[in-house]
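Now for the letters of each chain:
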Amino acid sequence: MLTPLGFSLLRQLSDGAFHSGEDLAATVGLTRARVSQLLKQAETAGLALERVRGRGYRLLATPDFLDVKEIRAALEALGAEVAPPDAKAPLLPAANDDDLVVPGASTIPLHPAIAVEITDQVDSTSTELLRRATRRDIHGALLAAEWQTAGRGRRGRIWTAVAGGSLTFSLGWRFEQGAGFVAGLSLAVGVAVVRALEAEGLSGVELKWPNDLVHRHLKVGGILVELNGDALGPSTVVVGVGLNIRLPQAIKRDIAQPVSDLATVAGRGAPPIDRNKLLARLACELAASLSQYAAQGFMPFAAEWQRRHAYQGKPVRLLLPDGEQVKGTVAGVDSTGALVLADGPRRSRFLAGEISLRRA
Ligand code: BTN
């Protein structure tokens, strides 16, 4: 596990040059033995380090650490409205608070300013925003982490990421509508993510129902949308996105399903992916799509989602939560984001939840 001290060491090493153990120890005020221990932890987290006797340590691939100023500047350059750096999310009303300024159901802004926050380490960016949402208004809150100690995937799985080699972030949003309305939201998020990747020159990523991001059938990212609220609304949503930017081979092998990364999508010889710029682009596309969804629902995204679905018109099998399997051909998605499977003239609809899709 990486600690804040581990991160300050990595930031010093991010110039790619050799740093002696002694120098590193002196700058962070630790013993050389502790420095060596912290750097071993960094290697476990997926960072490639070289040790040379007499010269010290250097990072073989230097990560572009997430930088809040760069992300804010990139967002502004894209025309997004960004909250001031010191803006504090307003409190939500407690049952007996009469004197608070309440962002009530009818005042949820369609286009909130994006409040960017970066942290070195957190259990999960989504868990953290869900915790905050019980008391604060997280509408427009963007939280990205270099390292999640308990990253979560769909269906109770863990989400594996690499410090410096992944993007893991969550965006909070509020909707006046309730759970039924936001059912198709995770699919609209998939469309927004693929648009953002394309805008950054990463083309060829497709969607896999309900919300995987795949390249040549290998997973390069995933989306987890979690919801709090009443059936009738309003609802608070946390959109969690995990992307593999550059995963070491050993980590790829450790992940239970076949995976790839965006560096592979970019291809050999392509310039390295700038995670700060990519995160800004993703946040901008997501904010635009969430606003559009709040106004118009899933319908405006349906045709594009189908066009970007890797399995549109293809034979597939669905694994249902009770262990049953259903076979059919993907006819598309309906206006709520449910998958429509064709079996001869019969059409059946499936809601995302706990279902997984496999190639037949
Ligand atoms: C999946 O494909 O299973 C969804 C993966 C979602 C992972 C992201 S990483 C940022 C956010 N925080 C989490 O703990 N999970 C989501």
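Criteria and cut-off values
- Residues numbered from 1 in each chain as written.
- Predicted model: local features only at pLDDT ≥ 70, side-chain atom pairs only at ≥ 80, totals over all residues.
- Heavy atoms only, no water.
- Buried < 20%, exposed > 50% of the residue type's maximum accessible area, 1.4 Å probe, protein only.
- Helix = DSSP H or I, 4+ residues; strand = E, 2+ residues; numbered from the N terminus.
- Arc of directions from axis to C-beta.
- Contact = heavy atoms within 4.5 Å.
- Pairing = 2+ DSSP bridges.

Draft legend 1. Just helix α1 (residues 4-13), in detail. Those residues of α1 that fall on the buried side of the exposure criterion are Gly6, Phe7, Leu9, Leu10 and Leu13. Projected down its long axis, α1 carries its buried residues within an arc of 160 degrees, all on one side. Looking at the buried residues of α1, the elements they touch are α2 (21-28), α3 (32-44), β1 (49-52), β2 (56-59), β3 (115-122) and β4 (141-148).

Draft legend 2. Broad picture of unusual backbone geometry. The peptide bond linking tryptophan 209 to proline 210 adopts the cis configuration, its omega dihedral lying at 0 degrees. Mapping proline 210 onto the fold places it in the loop between β6 (206-208) and β7 (212-215). Glycine 233 connects to proline 234 through a cis peptide bond whose omega is 0 degrees. The residue proline 234 is located in the loop between β8 (218-229) and β9 (235-244) in this model. Its identity is not glycine, yet arginine 155 carries a phi of approximately 55 degrees, on the positive side. What makes arginine 155 partly exposed here is its relative accessible area of 31%. Positioned with a positive phi, histidine 217 is a non-glycine residue whose angle comes to about 70 degrees. If you trace the backbone, histidine 217 turns up in the loop between β7 and β8.

Draft legend 3. Here's a closer look at the pairing of strand β13 (residues 346-350). Judged from the five bridges that link them, strand β12 (residues 339-343) and β13 form a sheet pairing that is antiparallel. Its bridge partner lying in β13, valine 340 is registered against arginine 349. In this antiparallel pair of consecutive strands, β12 and β13, the connection spans two residues, and glycine 344 shows a positive phi of 65 degrees.

Draft legend 4. Region of the structure containing the environment of lysine 219. The topology assignment puts lysine 219 in strand β8. Through-space distance from the C-alpha of lysine 219 to that of valine 205 is 9.3 Å; in sequence the pair is 14 residues apart.

As far as function goes, none of this settles anything; it's purely spatial.
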